[in-house]
Amino acid sequence: MFKKILIANRGEIALRIIRACREMDIATVAVHSTADTSSMAVRLADESVCIGPPSSKDSYLNIPSILTAAALTGADAIHPGYGFLSENAQFARMVEEHGFNFIGPSPELIEQMGDKVRAKQTVQELGLPVVPGSKGSVDRVEDGLQTSIEMGFPVLIKASSGGGGKGMQIVERSEDFELAYNTARSEARVNFGDDTVYLEKYLSNPRHIEIQVFGDSHGNAIHLGERDCSIQRRHQKLVEEGPSPVLTHEQREEIGTLAADTIRKLGYLGAGTIEFLYEDGKFYFMEMNTRIQVEHPVTEMITGIDLIAEQIRVAAGEPLTICKNGFRFRGHAIEIRINAEDPDTFMPSPGKITQFHAPGGLGVRFDSSIYSGYSIPPYYDSMIGKLIVHGRNRDECIKRLLRAIRETVVEGVKTTLPLHEWILNQPEFISGDYTIKWLEEKLAEKNGKS
Ligand code: MV4
């Protein structure tokens, strides 16, 4: 097992990784920017190293600084968390080349899944359902138009190096195809330095349902059920829950088994998420994330498994401690992301937290790195914590979450807590009858009225 892990991240996920390491008797190194000197991760880690100025590009994305910090502290492994360098194949490769263990899958698999055209082709060959579309990339406008006419409009043009929704173009009619195609390619070139695009049939009103998967170096691969992440705004998730309100146990086992079989065939190591669009009872592969995700606690709450500890064990070459019959799905979990933002305008609200009280009680988990007197720096993502609750069923879970929100105190900055309280009281949320479009439409209605 590893003796010392360097955490190449900040905020609540850095703390989450420190907690797992502490329970496994693994020493920790927190790296931080000059803006994060008073962070909770720096306080709680065994050691800390300043790796640069506030700008992420000069600190949390500064590969030479991070590798130097690992060498200086004698770390034997690096955990990348989520965001930042977590899905950077070049970073994973350099970590290994410098003699450290990267806690995640191989650089080759990160690269393969980062290329959306290759990822789709790969998983389709391994048996996952995909959205009908172009066979590979579309390199000429005439080919794209031809394919669109054959499969029927509307179609969606996606960037192969994209993901997260950036650079997509919906095309409703053949007359609009050429302009959309050229726009998609130039946006992809500007944003990703790669203008490869591909085509899919546009699904008009799907849900976003993702499967948590895990593989080890002994040929074991399992799925840990799904999370429904349809409550989002501008590709930012606000609420995640598991199980999905719309899946039956049979549907879960069917898509989950397909997902596990896929990563077993890939020889995938560690935690992964296979994202699907779900519409009219059918699943369509969207992309695969090769990192631990923000919403992983939803899965931890319904399975009782420590996903970070499991990532560390399989990265160290140990077999998965979980097997198909070694756990049960219990009850329901919902996570809300708490952002330091204006709940109406979504403007970031950095600054000093003057009063803070964390929620608690049965089934309540609060993953955050804030404390009373902490100053939220303006340089990074505005997420300051996650509130996750577990209940025996979905109704109990919603009631418990509303209760926990009401007892949470964060003063000095604006937070999205009031927005979450509003979402949880909407009839469509309570009935589970929502899709990826729901929140933005509902917010437009809310703001139009006032
Ligand atoms: C789609 C789609 C509809 N049809 N693909 C957005 C993020 C990117 N990873 C893929 N995305 C979508 N792909 C087809 N063929 C709709 C979306 C989409 C979306 C997906 C998941 C969660 C939120 C979303 C918001 C807008 C669009």
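Quick notes on the rules
- Residues numbered from 1 in each chain as written.
- Predicted model: local features only at pLDDT ≥ 70, side-chain atom pairs only at ≥ 80, totals over all residues.
- Heavy atoms only, no water.
- Salt bridge = Lys/Arg side-chain N within 4 Å of Asp/Glu carboxyl O.
- Helix = DSSP H or I, 4+ residues; strand = E, 2+ residues; numbered from the N terminus.
- Buried < 20%, exposed > 50% of the residue type's maximum accessible area, 1.4 Å probe, protein only.
- Pairing = 2+ DSSP bridges.
- Axes fitted to C-alpha atoms, helices over the stretch in contact; angles between N-to-C directions.
- Contact = heavy atoms within 4.5 Å.
- Near = heavy atom within 4 Å.
- Polar contact = N/O pair within 3.5 Å; in protein donor to acceptor, adjacent residues only side chain to side chain.
- Areas by Shrake-Rupley, 256 points an atom, 1.4 Å probe, with all protein chains shown as cover.
- Nonpolar A, V, L, I, M, F, W, Y, C, P; charged D, E, K, R; others polar.
- Core = buried A, V, L, I, M, F, W, Y, C linked by side-chain atoms within 4.5 Å.

## With respect to the pattern of salt bridges
Side chains bearing opposite charge may pair, as long as their charged atoms lie close to each other. Scanning the model with the defined rule gives 37 salt bridges in all. Across the salt bridge formed by Lys4 and Glu47, the nearest N and O atoms sit 2.5 Å from each other. Here Lys4, found in strand 1 (residues 4-7), pairs with Glu47, found in strand 3 (residues 47-52); they are 43 residues apart in sequence, far enough to count as distant. A relative accessible area of 16% places Lys4 in the buried class.

## Observations concerning the sheet that holds strand 9 (residues 207-215)
Pairing is antiparallel across the open sheet formed by eight strands, whose spatial order is 13-12-9-10-11-14-19-17. Only two strands of the sheet have a single partner each, and these edge strands are strand 13 (282-289) and strand 17 (364-368). When the angles between neighbouring strand axes are averaged without regard to direction, this sheet yields 25°. Where strand 14 (residues 332-339) and strand 19 (residues 383-391) come together, eight bridges link them in antiparallel fashion. Within strand 19, the residue paired with Ile338 across the bridge is Gly385. Those strands touched by helix 10 (residues 296-303) are strand 9, strand 10 (221-233), strand 11 (236-242), strand 14, strand 17 and strand 19, and its axis lies near 25° from that of strand 19. The sheet contacts of helix 12 (residues 394-407) involve strand 11, strand 14, strand 17 and strand 19, and relative to strand 19 the element is tilted by about 140°.

## A short note on the pairing of strand 12 (residues 270-279)
Note on strand geometry: in a regular strand, side chains alternate between the two faces of the sheet. Of all ten residues in strand 12, ten are buried; the element is thus mostly enclosed. Here nine bridges tie strand 9 to strand 12, and the two strands are oriented antiparallel to one another. The residue bridging Gln212 from the neighbouring strand is Thr273, located in strand 12.

## Section: the site of the ligand
Taken together, 17 residues surround the ligand, and among them Lys158, Glu200, Lys201, Leu203 and Glu287 come closest. At 3.0 Å from a nitrogen atom of the ligand is found a side-chain nitrogen or oxygen belonging to Lys158. Computed on the free molecule, the ligand has an accessible area of 520 Å², of which 88% lies beneath the protein chains in the complex. Only strand 6 (155-159), strand 8 (197-201) and strand 13 provide two or more residues apiece to the shell around the ligand. Residues of the shell around the ligand, tallied by class, amount to eight nonpolar, five polar and four charged.

## Quick look at helix 6 (residues 116-125)
Looking at helix 6, one finds that the buried residues are Lys116, Val117, Ala119, Lys120, Thr122 and Val123. Among the structural elements, helix 5 (107-114), strand 6, strand 8, helix 9 (249-266) and strand 13 are those in contact with the buried residues of helix 6. Where helix 6 begins, one side-chain oxygen reaches toward the backbone nitrogen of Val117, 3.2 Å away; that side chain belongs to Asp115. Within two residues after helix 6, Gly127 carries a phi angle of roughly 105°, on the positive side.

## Some points on the nonpolar core
If you look at the biggest cluster of nonpolar residues, it comprises 35 residues, and the most contacted ones within it are Ile231, Val239, Ile336, Leu387, Leu401, Ile423 and Phe429. Counting only elements with at least two residues in this core, the list comes to strand 11, strand 14, strand 17, strand 19, helix 12, helix 13 (417-424) and helix 15 (438-449). For this core, the element with the highest residue contribution is helix 12, accounting for six residues. Of all hydrophobic cores here, the second largest spans 34 residues; its members include Phe2, Ile18, Ile26 and Ile312.

## Description of the sheet that holds strand 1
Across the sheet, five strands lie side by side as 3-2-1-4-5; this open sheet has parallel pairing. The strands lining the two open edges of the sheet, one partner per strand, are strand 3 and strand 5 (101-102). Across two bridges, strand 4 (residues 77-79) lies against strand 5 in parallel orientation. Bridged to Ile78 within strand 5 is Phe102. Most of the contacts of helix 1 (residues 11-23) go to strand 1, to which it runs at about 175°, and overall it touches strand 1, strand 2 (27-33) and strand 4.

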